[in-house]
Structure formats: structure tokens, C-alpha cells
Amino acid sequence: MSYIPGQPVTAVVQRIEIQKLRDGDNLILGFSIGGGIDQDPGQNPFSEDKTDKGIYVTRVSKGGPADVAGLMTGDKIMQVNGWDMTMVTHDQARKRLTKKNEDVVRLLVTRKSLEDVVRQSMMPH
């Protein structure tokens, strides 16, 4: 999916709600991210379009909160608790995900397989 800055984004999204796991003072989500407007998009193994500076899930801990919620490696995070994540730095994304006063993280993600299914369903049979 190519994206032109300033143009509306059309994406097939999935809602994922992750209940953070409390470990002492830490809240654990069970996944890692990559990307951001301050990163080199050419280094992102998950974006088809090597100019895409979005935030992507790079690792999901097996059996962790994100895994249980259905998050997958390669998912592109579009929103976190209603906040747009399409034009943020890596650090802004990390801070938005790890807010101490939020036990639940509600994500809107887009996933290559979701887009493929929708594209196939729209093709004439």
C-alpha cells in the first residue's frame, strides 16, 4: 500500500485490545516496535514501500499480552488509544504505548493479509 503524505490513507484495519501485564512497577505489553518518522524506512523489513515511515510490530513475545490479544509481527500500528501513529517518531510511539496510567492499550492495526483478503473479495469472480 503506497502512501502519499497529505493524502487520505485507505487501510483495512483491525482493532486489538491489549491488557498490560503488571510486573511490580512495570507494565508489560509483550511486543517491540520499529519505524518512525525519524528512522530510515529502508531498514524496515515489513514495509513493502521503502519510503513508509510508519510504526511496525517487530517482535511479539509468545504467550505475552500482545500475543494473547492477536497482535502479529509485521502489523502496522495506525492508532494507539485514539492517537494517530502514522506520523510519529520512534520515541513518541514508545511513550504512547508505555503510559504508566493506562492498563489497556487499544490499537488499530493494518496487516498485509487483511488487505489481501479484502482485495480478493472485491475482484470479479
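Before reading further, recall that the structure is shown in the block above.
Remember, it's a predicted structure, so these values are computed and weren't measured experimentally. (Residues numbered from 1 in each chain as written. Predicted model: local features only at pLDDT ≥ 70, side-chain atom pairs only at ≥ 80, totals over all residues. Heavy atoms only, no water.)

Novice: Can you explain the overall build of the protein chain? Please cite residues and give values.
Specialist: The helix and strand tally for the protein chain stands at three helices and eight strands. In the protein chain, the succession of helices and strands from N to C terminus is β-β-β-β-β-α-β-β-α-β-α. The 125 residues of the protein chain split such that 36% are buried. Within the protein chain, contacts between residues at least 6 apart in sequence are counted, and of these 65% link residues at least 24 apart. Working note: accessible area of the protein chain is about 7800 Å², and carbon and sulfur atoms make up 53% of it. (Helix = DSSP H or I, 4+ residues; strand = E, 2+ residues; numbered from the N terminus. Buried < 20%, exposed > 50% of the residue type's maximum accessible area, 1.4 Å probe, protein only. Contact = heavy atoms within 4.5 Å. Areas by Shrake-Rupley, 256 points an atom, 1.4 Å probe, with all protein chains shown as cover.)

Novice: Outline the pattern of salt bridges, listing residues and values.
Specialist: Per the counting criterion, the structure on display carries six salt bridges. Taking the shortest distance from any N to any O, the salt bridge between Asp91 and Arg94 comes out at 2.5 Å. Residue Asp91 and its partner Arg94 are located together in helix α2 (residues 90-97), separated by three residues, close to a single helical turn. A relative accessible area of 38% means that Arg94 is categorised as partly exposed. (Salt bridge = Lys/Arg side-chain N within 4 Å of Asp/Glu carboxyl O.)

Novice: Please set out the packing of aromatic side chains residue by residue, giving values where relevant.
Specialist: The final tally for this structure, using the stated rule, is zero aromatic pairs. Sitting above the plane of the Trp83 ring, Arg96 keeps its charged end 3.8 Å from the centroid. (Phe/Tyr/Trp six-rings, centres within 6.5 Å; stacked < 30°, edge-to-face > 60°. Lys NZ or Arg CZ within 6 Å of the ring centre and 35° of its normal.)

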